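Structure at a glance
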Amino acid sequence: ALLSRPAGRLRARRGLAAGPEMHFGFQTVTEEERREKIYQVFESVAKKYDVMNDSMTLGIHRVWKDILMHKMNPSPGTLLLDVAGGTGDIAFRFINYVRSIREQQLQRKLKHHQNLSWQEIFESYQKDKFNSLGDSQVVVCDINREMLKVGKQKAQHLGYSEGLSWVLGNAEELPFDNDKFDVYTIAFGIRNVTRIDLALQEAYRVLKPGGRFLCLEFSHVSNPLLSRLYDLYSFQVIPVLGEVIAGDWKSYQYLVESIRRFPPQEELKAMIEDVGFFKVDYENLNFGIVAIHSGFKL
């Protein structure tokens, strides 16, 4: 029911012209070239994506994603759209978080009904157990088939199926109707869309009034000394890890360069406000190595 908006306009636009020049890392390319090159990067790294994330960040990316989830604080019944989330990291955390909230609600409910018989308690528990997400749902949308394939395999291996669906789609033209979702998340994905402004417009369009936009992304370090050390690590170590672990130096060289080309915190905040979001703010993590941007559709 959510997949009701065709994604034909973007394909039609692609055929008209190569588009203006833009950056692919430190290279200057056309819009169409950037789109294709980024697709190839993630097709190449999909199978080693999780291992490389752990290696590059020393596992800290897991903490950043946990902080994002606690900032979201979803309640049972929340409908989440996770864009560029092909490997499922945000989706699985969402499911775990909502299940935990539901379990707490059930425990409180049973405590307030001490006079129930054992049979009534058992039946109540079983009923709520089979609805552990309380009608919550997460839709993972990613443009890359290989990333989605990896995410589906992980979901099957980890036992996630309830309240989870996978959709092939472009962040710049989402295949969903207006006003559908309570929360929109994009974690380490927005810097890899070709047109950030279009992705933000789409985020605003598909959110319900009162819905929340959350973006977790690498950002700009404020401390000069830490910035120099971070640059040294990024350019001298990360591509080497990419070659050793994933056999792909160039893709991880691009990922490092793309972080440096990404708009700083205040500039991205202004872009989010420009599409109509209110109460826009951001929280720096680890001195601005990453930041969580937040906004509301009112």
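Here, every reference points to the structure presented above.
Figured I'd write up the structure that's included with this text. By convention here, each chain's residues receive numbers from 1 onward along its written sequence. It should be noted that, the model being predicted, local features are given only for residues of pLDDT at least 70 and side-chain atom pairs only at 80 or more, the latter also being counted only at that level, while totals for whole chains, interfaces and linings use all residues. Only hydrogens and water are set aside; all other atoms, that is, all heavy atoms of the structure, feed into the side-chain values.

A closer look at the layout of surface pockets
Space inside and on the surface of the protein is sampled on a 1 Å grid over the protein atoms alone, with a cavity defined as a set of points where a 1.4 Å probe fits but cannot get out and a pocket as an open set with protein on both sides within 12 Å along at least 5 of 7 lines; lining residues have an atom within 4 Å of a point. Grid points are joined across faces, edges and corners, and a volume is the space filled by probe spheres set on the points. Estimated volume of the largest pocket: approximately 400 Å³. Around the largest pocket sit 23 residues that line it, and Met-56, Thr-57, Phe-218, Tyr-230 and Ile-238 are the ones nearest its centre. Only DSSP runs of H or I with at least four residues qualify as helices, and only runs of E with at least two residues qualify as strands; both kinds are numbered from the N terminus onward. Put simply, the parts of the chain that give the lining of the largest pocket at least two residues each are helix H3 (49–57), helix H4 (60–72), helix H9 (224–236) and helix H11 (249–261). Under the convention adopted here, Pro, Cys and the residues Ala, Val, Leu, Ile, Met, Phe, Trp and Tyr are nonpolar, Asp, Glu, Lys and Arg are charged, and Gly plus all remaining residues are polar. Taken together, the residues that form the lining of the largest pocket break down as 16 nonpolar, 6 polar and 1 charged.

Notes on helix H12 (residues 265–274)
We call a residue buried when its accessible area falls under 20% of the maximum for its residue type, exposed when it is over 50%, and partly exposed in between, using a 1.4 Å probe and counting protein chains only. Taken together, the buried positions of H12 are occupied by Gln-265, Leu-268 and Ile-272. Buried residues of H12 fall within an arc of 70° about the axis and therefore sit on the same side. The contact criterion used throughout is that any non-hydrogen atoms of two residues lie within 4.5 Å. Where H12 is buried, its residues meet helix H8 (196–206), strand S7 (207–218), strand S8 (278–285) and strand S9 (290–296). Where H12 terminates, the next one or two residues include Gly-276, which has phi positive at roughly 120°. The reported arc concerns the directions from the helix axis to the C-beta atoms and nothing else.

Some details on empty space enclosed by the protein
Inspection of every chain in the model, using the stated rule, returns 2 cavities of 30 Å³ or more. Each pocket or cavity is described by its volume, and for the largest cavity that value is around 340 Å³. Along the walls of the largest cavity sit 22 residues, with Ile-38, Ala-84, Asp-142, Ile-143 and Asn-192 positioned nearest its centre. Taken together, the elements giving at least two residues each to the lining of the largest cavity come down to helix H2 (31–45) and strand S4 (137–142).

A look at unusual backbone geometry
Of note in this structure, Asn-73 is not a glycine but carries a positive phi near 50°. Mapped onto the secondary structure, Asn-73 falls in the loop between H4 and strand S3 (79–83). Exposure remark for Asn-73: the relative accessible area of 47% places this residue in the partly exposed category. One non-glycine residue with positive phi stands out, namely Asn-286, at about 50°. Structurally, Asn-286 is set in the loop between S8 and S9. Classification of Asn-286 by relative accessible area gives partly exposed; the value is 37%.

A short note on a nonpolar patch on the surface
Exposure above 30% relative accessible area and the absence of a salt bridge qualify a residue for a patch, where like charges join within 9 Å and nonpolar side chains (Val, Leu, Ile, Met, Phe, Trp, Tyr) within 5 Å. All accessible-area figures derive from a Shrake-Rupley calculation using a 1.4 Å probe, and residue coverage is judged against the displayed protein chains alone. The salt bridge criterion pairs a side-chain nitrogen of Lys or Arg with a carboxyl oxygen of Asp or Glu, the two atoms within 4 Å. A cluster of nonpolar side chains, namely Leu-58, Ile-60 and Val-63, defines an oily patch on the protein surface of about 280 Å² accessible area. Here Val-63 lies in helix H4.

Brief notes about the nonpolar core
In plain words, nonpolar cores are sets of buried Ala, Val, Leu, Ile, Met, Phe, Trp, Tyr and Cys residues tied together by side-chain atoms within 4.5 Å. With 34 residues, the main nonpolar core has Trp-64, Phe-94, Val-138, Leu-164, Leu-216, Phe-218 and Val-290 as its most contacted residues. Among the secondary structure elements, those contributing two or more residues to this core are H4, helix H5 (89–111), S4, helix H7 (145–158), strand S5 (164–168), strand S6 (181–187), S7 and S9. Of all the elements, H5 adds the most residues to this core, at 8 residues. Membership of the second largest hydrophobic core comes to 28 residues, among which are Leu-79, Val-167, Phe-176 and Ala-199.

Thoughts on H2
Taking 1.5 Å per residue as the helical rise, H2 with its 15 residues ought to reach 21 Å, and the 22 Å between its terminal C-alpha atoms agrees with that figure. Residues of H2 that are buried include every one of Glu-31, Arg-34, Arg-35, Ile-38, Val-41, Phe-42 and Val-45, and no others. Projected onto a plane normal to the axis of H2, the buried residues spread over an arc of 125° and lie on a single side. Expected helix span is computed as 1.5 Å times (number of residues minus one).

Describing the sheet that holds S9
Reading across from one edge, S5-S4-S3-S6-S7-S9-S8 is the order of the 7 strands in this open sheet, with mixed pairing throughout. The sheet is open, and its two borders are formed by S5 and S8, each paired with just one other strand. Sheet twist, expressed as the mean angle between neighbouring strand axes with direction ignored, is 15°. Relative to S5, S4 is paired through 5 bridges, and the arrangement is parallel. In the sheet register, Val-139 faces S5, and the bridge partner there is Ser-165. When DSSP finds at least two bridges between two strands, those strands are taken to pair. Helix axes are fitted to C-alpha atoms over the stretch in contact, other axes to C-alpha atoms as well, and angles between N-to-C directions run from 0 to 180 degrees.

Structural notes on the pairing of S7
Among the 12 residues in S7, 9 count as buried, and that is most of the element. Of the strand pairs in this sheet, S6 and S7 are connected by 6 bridges, and their pairing is parallel. Residue pairing across strands places Thr-185 opposite Leu-214, the latter belonging to S7. The handedness rule is simple: strands pointing away from the viewer, and a clockwise path from the first strand over the helix to the second, make the crossover right-handed. Following the backbone out of S6, through H8 and into the adjacent parallel S7, one traces a crossover that is right-handed. Here S7 runs beside S9; their pairing, made up of 7 bridges, is antiparallel. For Phe-213, the partnering residue across the bridge sits in S9 and is Gly-295.

A closer look at the environment of Gly-247
By the secondary structure assignment, Gly-247 is in the loop between helix H10 (238–246) and H11. What makes Gly-247 exposed here is its relative accessible area of 54%. Taking the C-alpha atoms as reference points, Gly-247 and Lys-48, separated by 199 residues in sequence, lie 9.5 Å from one another.

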